[in-house]
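# Notes for the structure review
Below, each chain spelled out in residue letters.
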Amino acid sequence: MAMKDRSILEVRNLNMSRGGRSILRDLSFSVEENRVYGVLGPNGAGKSSLAYALMGLEEYKPDSGEIIYQGKEITELSISERARMGITMLWQEPVRFEGLSVRDYLGLCSRDGDVREYLLKVGLDERYLERNVDDTLSGGERKRVELASILALKPKLAILDEPDSGIDIISLDYIAEIVYELKKHGSVILITHNEDVAMLSDRCLLLCDGFIVKEGEPGEIVSYFKRKCVPCPTKRERYG
Amino acid sequence: MDDAYGLLLKTYRRMGGSESILRDERVAHLVIHGNEVYSSRAVEGLVLDSRSRADGVDVELRVKGGYRIEYPVHMCFGIIPEEGEQRIRLNAKIEDGAGIKILSHCMFPNAERIIHEMDAIVEIGDRADFEYLERHYHGEGGGIVVAPRAKISLGDHSRLYTEFSILDGRVGKLRMDYDMEAGEGSAIEALAKVLGYGDDEITIRERGYLRGRNSRGLIKSRIVVKGMAMSEVISELIADKGAEGARGHVDCVELVMENARARAIPLVDVWNERAKITHEASIGTVDKKQLNTLMSKGLSKEEAIDVIVKGYLR
């Protein structure tokens, strides 16, 4: 009961299909306040679809089930409404914006005005403020700017979809620092296919083919993942 | 100073201009209301003559050889009443080694039945620079026909930059037609930015003709149409037989929203096997991923669209 009182997010019996195919199947889990919750799984497991459903993308509306955030059902709320309640998301492949400077982009997210500190936290100096968030930034730079924007928002719940993907030179320590920075203000859902990144979580679930295979301590889940999922037995059965 | 002049200056201030610029003796300017010249100043190295005629205004502009005009020249054109006609005939010559930047502010805040035409012939010599930035302010009436036409020729190793924008108020009917021709080692860059809504009609034709060896051309347009507005953008870049080593690019992006309609016609024509011209044109609505990203930061859909559109037109 005590655990339930501390949860910021509860997902209850979530089902979602796209194009007639079941993507998420009867998912139930909860995320506690100021904790990092890992979602580990191979490609195609439904991890990003889960992230989109939690963020409220129109095309990823659940068929059934409930998403409860801070005790309120948000299943029918739009992205903007969820964001205003303190939920945000790091996109796996951040989009580019023509004519929008890094300063203005971060300014959309920052409540305290000074955005330089967030850039420094992601390893970019203030010269980047005058750059545009367009294709003049490398993929790694763009991802770092997106991470800075998430830090600037100080979200109560940050959904990080593959935070380490696409960043040029990256260390696990660096991702860890960002995750712990976010943890100061709220909770984090850490979506990844990387076992080392999953180890940064306080609690973790293993997602496969839209199902929760197992939930528990990250060490236990990662160990299970390494033993049972690499290589993927379903694909082995299917493709020999 | 009559009312129209005062109101023109007021509009100029609304566009971010400052009257002190017009008083500054180091800065050349030209203020024309309707077909009447209100104020004009030249500076050393610049000849600026203007004459009102019954059917328009003739403007002669000449930058003497070797002179680089230090401060941008401010030109204010406009009509304050709801109706009227303005026809500017500009003959400009930028002599060898000269350079000038012109900021042109076109103000029609109450337009209901207005015609604004500009016919410009610009001759740019060798090793010369010419920048022409034209920004319009139209108000919400939409009753205006804007027809800027220009024929611009560059000598060798010269540079032309033009920027045309209508972002404040209704476009009305825009009929833009620019012809630009570059000699050896010269560069042309033309940018048009227009936001159309209501029943605005936008027609833009820009043609860059790369005549000389190693000449360069970039024709770029950013158009956003919504409501019932329509746009057609024809961007041509031609590399002539003698344009060995020439490089060019046509870049047209149009955003279409609501019931608007957009056409983009990029046209490249290469006559020399050692020249290269590329083009990209895209027409579409606001990108869903961009929208989702901004909305995930707490912006409403409308606010997100506004940020995206402003970025395109910046």
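What this report covers is the structure whose coordinates are included nearby. (Residues numbered from 1 in each chain as written. Chains lettered and ligands numbered in written order. Predicted model: local features only at pLDDT ≥ 70, side-chain atom pairs only at ≥ 80, totals over all residues.)

## Side note on the overall build of chain B
What counts here: Only DSSP runs of H or I reaching four residues or more are called helices, and only runs of E reaching two or more are called strands; each is numbered from the N terminus. Burial is judged by counting other C-beta atoms within 10 Å of a residue's own C-beta: 20 or more means buried, 12 or fewer means exposed, and anything between counts as partly exposed, with every C-beta placed from the backbone. C-beta atoms are first placed from the backbone for all residues, and any pair lying within 7 Å is then listed as a contact.
Per the secondary structure count, chain B includes four helices and 19 strands. Going through the 314 residues of chain B one by one, you find that 46% of them count as buried. Across chain B, the fraction of contacts at a sequence separation of at least 24, relative to all contacts at a separation of at least 6, is 78%.

## Considerations on unusual backbone geometry
Phi angles above zero are rare outside glycine, and lysine 154 of chain A is one such case at about 45°. Mapped onto the elements, lysine 154 of chain A comes out in the loop between helix H6 (139-153) and strand E7 (157-161).

## Details of helix H4 (residues 301-313) of chain B
All names here are of chain B. Note the following rule: Helix span, as expected, comes to 1.5 Å for every residue beyond the first. Directions drawn from the helix axis to the C-beta atoms are what define this arc.
Between its first and last C-alpha atoms H4 spans 18 Å; for 13 residues at 1.5 Å apiece the expected length is 18 Å, and the two agree. Among the residues making up H4, those that are buried are Ala304, Ile305, Val307, Ile308 and Gly311. The buried residues of H4 all sit within an arc of 160° when viewed along its axis, so they share a single face. Looking at the buried side of H4, the elements it contacts are helix H3 (288-295).

## Focus: the sheet that holds strand E10 (residues 144-154) of chain B
All names here are of chain B. Spelled out, the test is: A pair of strands counts as paired when DSSP detects no fewer than two bridges linking them. Each axis is a line fitted through C-alpha atoms, taken for helices only over the stretch in contact, and angles between the N-to-C directions span 0 to 180 degrees.
With mixed pairing, nine strands are arranged side by side in an open sheet as E3-E4-E6-E8-E10-E12-E14-E16-E18. Two strands lie at the open edges of the sheet, namely strand E3 (46-53) and strand E18 (261-270), each paired on one side alone. With strand direction ignored, the average angle separating the axes of adjacent strands in the sheet is 5°. Where strand E8 (residues 113-124) lies against E10, eleven bridges are found, and the strand directions are parallel. Its bridge partner being in E10, glutamate 123 is matched across the sheet by serine 153.

## Structural notes on the pairing of strand E5 (residues 73-78) of chain B
Residues and elements named next belong to chain B. The buried count for E5 comes to six of six residues, which makes it a mostly enclosed element. Side-chain alternation along E5 places Val73, Met75 and Phe77 on one buried face and His74, Cys76 and Gly78 on a second face that is also buried. Taken together, the five bridges between strand E1 (residues 29-33) and E5 define a ladder with parallel strand orientation. Paired with leucine 30 across the strands is methionine 75, a residue of E5. Where E5 lies against strand E7 (residues 99-107), six bridges are found, and the strand directions are parallel. Looking at E7, one finds that cysteine 76 is bridged to histidine 105.

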